[in-house]
Amino acid sequence: MTVVLRAATDQGLLALQRQLRALAPDIALVTNGDQALERVTPDARPPRLVGADVMEGSVMRARRVFGDHEAAFAAFLDGTQTSRVVAYVDGTPIVHGTVAAVVRMRRNRRLTTWHRPIVRRRLYACLRAFTPEQVRALHALGLEVVDTTPASQEPALHPFILRDEAVHRVQEDREEAERELAERWCHHEREPLFIDGGISGSDKVAVSACTVGVVKSHRTLYAEGDALQTIFGLRSGERSSVFRVTSPKRIPVASWYLRLRDPLGYDPMWGLVRVEIACPAHIDADSVGPTADRVSLWILAEATPLALPDGRWDKMVYGIRDCEEFLHAVT
């Protein structure tokens, strides 16, 4: 077989490549460096607008959040992923993926690790394209091998399609690790947990009273027409009306937009996050608004100190940056 290895600076990957070459002596190493696939794989989800099912009042409005900011979150949860092509076998990529997740708990104004973080390393490849001997060589490397063969029956696929498919499977594994830790927190703890991302991916987390999801990306905007202009017009310290987010395969959650920083001079998404909490069992206009105000004050309290030097500091809170720094150190 013809295997072209991509060199990497990571010592673990270099050792893995040496193992692979020992198992398949005819491989041809390439010493050029390569960057993480997450930096070159585009987000395949098309941007879209979805009409909001408003729960607070009858129309989407901008609402000023009054009150003192309160640092009420007991902990922060985030995950990371890194994917690199370690070899090509006759044009088919073998991708090494690392996913990790951690909860960092606040104690005496310091962040410490809650329970054991999750770190998983796997190989991802379209096994349909390999011979039985090549598949056995992959399994002999000592890592779990994930078959990323697409459902398509096409006899040959573009290497980039196979590479993107592997990255998407790594993303699914990262989301699984985050979901596992969030469910563990809901089982053992009652204090508020700040989750980087949505909460509707888990039936347990989506109905828990102690989880708050904060979404920084806005490929899907839950507003149309005048409601969209209301979202774009939010000023620092303002939130939108509460609305319901539904999906055929997920538990409905209550959500609203919150502006963390003044967007003057920036794009409409600057400093804008979308918050998710468990949907109340009974829609009560007198309580859903105060709940959104209270949680918004918790999030606004986390807007300082700035999460610099991260380029996403306008939406990222320092606790989440601490999670990422920790995971970078252990993976």
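Residues numbered from 1 in each chain as written. Predicted model: local features only at pLDDT ≥ 70, side-chain atom pairs only at ≥ 80, totals over all residues. Heavy atoms only, no water.

Caption draft 1: Spotlight on the nonpolar core. Leu77, Val103, Trp185, Leu193, Ile195 and Tyr257 are the most contacted members of the largest nonpolar core, which has 32 residues in total. In terms of residue count, helix 3 (residues 159-188) provides more of this core than any other element does, five residues in total. In contact with Val103, other than residues within four places in its own chain, are Ala75, Phe76, Leu77, Thr112, Thr113, Trp114, Leu181, Trp185 and Leu193. Counting 31 residues, the second-largest nonpolar core is a separate cluster that includes Ala100, Trp256, Leu297 and Leu300. (Core = buried A, V, L, I, M, F, W, Y, C linked by side-chain atoms within 4.5 Å. Buried < 20%, exposed > 50% of the residue type's maximum accessible area, 1.4 Å probe, protein only. Helix = DSSP H or I, 4+ residues; strand = E, 2+ residues; numbered from the N terminus. Contact = heavy atoms within 4.5 Å.)

Caption draft 2: Fine view of unusual backbone geometry. Omega for the peptide link from Thr304 to Pro305 comes to 0°, which places this bond in the cis form. For Pro305, the location among the structural elements is in the loop between helix 6 (285-301) and helix 7 (318-330). At Asp90, a position not held by glycine, the phi torsion is positive, near 50°. For Asp90, the location among the structural elements is in the loop between strand 6 (75-89) and strand 7 (92-107). The class of Asp90 is exposed, set by a relative accessible area of 55%. The backbone phi angle of Asn108 is positive, close to 50°, even though this residue is not glycine.

Caption draft 3: Focus on the state of the cysteines. Scanning the model with the defined rule gives zero disulfides in all. The structure places no disulfide on Cys323, whose sulfur is separated from the nearest cysteine sulfur, that of Cys186, by 15 Å. (Disulfide = S-S within 2.5 Å.)

Caption draft 4: Representation of helix 2 (residues 132-139) in the model. For helix 2, the complete set of buried residues consists of Gln134, Val135, Ala137 and Leu138. Angular distribution of buried residues about the axis of helix 2 spans 155°; they occupy a single face of the element. Exposed positions of helix 2 whose direction lies more than 90 degrees from the buried face are Pro132 and Arg136. Contacts from the buried residues of helix 2 go to helix 1 (11-23), strand 6, strand 7, strand 8 (110-125) and strand 9 (144-147). (Arc of directions from axis to C-beta.)

Caption draft 5: Quick peek at the packing of aromatic side chains. The full count for this structure, using the stated rule, is nine aromatic pairs. Taken together, the ring pairs in this structure connect Phe73, Phe76, Phe194 and Trp298 into an aromatic cluster. Here the guanidinium or amino end of Arg163 rests over the ring plane of Phe160, the centre of that ring lying 4.4 Å away. (Phe/Tyr/Trp six-rings, centres within 6.5 Å; stacked < 30°, edge-to-face > 60°. Lys NZ or Arg CZ within 6 Å of the ring centre and 35° of its normal.)

Caption draft 6: Spatial organisation of the confidence of the model for the protein. Across the protein, the average pLDDT comes to 89, with 92% of residues at 70 or higher. Counted against residues more than four places away or in other chains, residues 1-8, with its pLDDT under 50, gives 43 contacts. (pLDDT = per-residue confidence, 0-100.)

Caption draft 7: Broad picture of the pairing of strand 8. Bridge count for strand 7 against strand 8 is 13 bridges, and the pairing is antiparallel. For Arg104, the partnering residue across the bridge sits in strand 8 and is Thr113. Bridge count between strand 8 and strand 9: four bridges; the pairing is parallel. Each bridged residue has a counterpart across the sheet, and for Arg122 the counterpart in strand 9 is Glu144. (Pairing = 2+ DSSP bridges.)

Caption draft 8: Structural view of the pattern of salt bridges. Counted by the stated rule, this structure contains 21 salt bridges. Of the charged contacts in the structure, one is a salt bridge between Arg122 and Glu144, with a shortest N-O distance of 3.0 Å. With Arg122 in strand 8 and Glu144 in strand 9, the pair connects residues that are 22 residues apart, well separated along the chain. In this structure, the salt-bridge partner of Arg312 is Glu324, at a minimum N-O distance of 2.8 Å. Of this pair, Arg312 sits in the loop between helix 6 and helix 7 while Glu324 sits in helix 7, and the two are twelve residues apart along the sequence. (Salt bridge = Lys/Arg side-chain N within 4 Å of Asp/Glu carboxyl O.)

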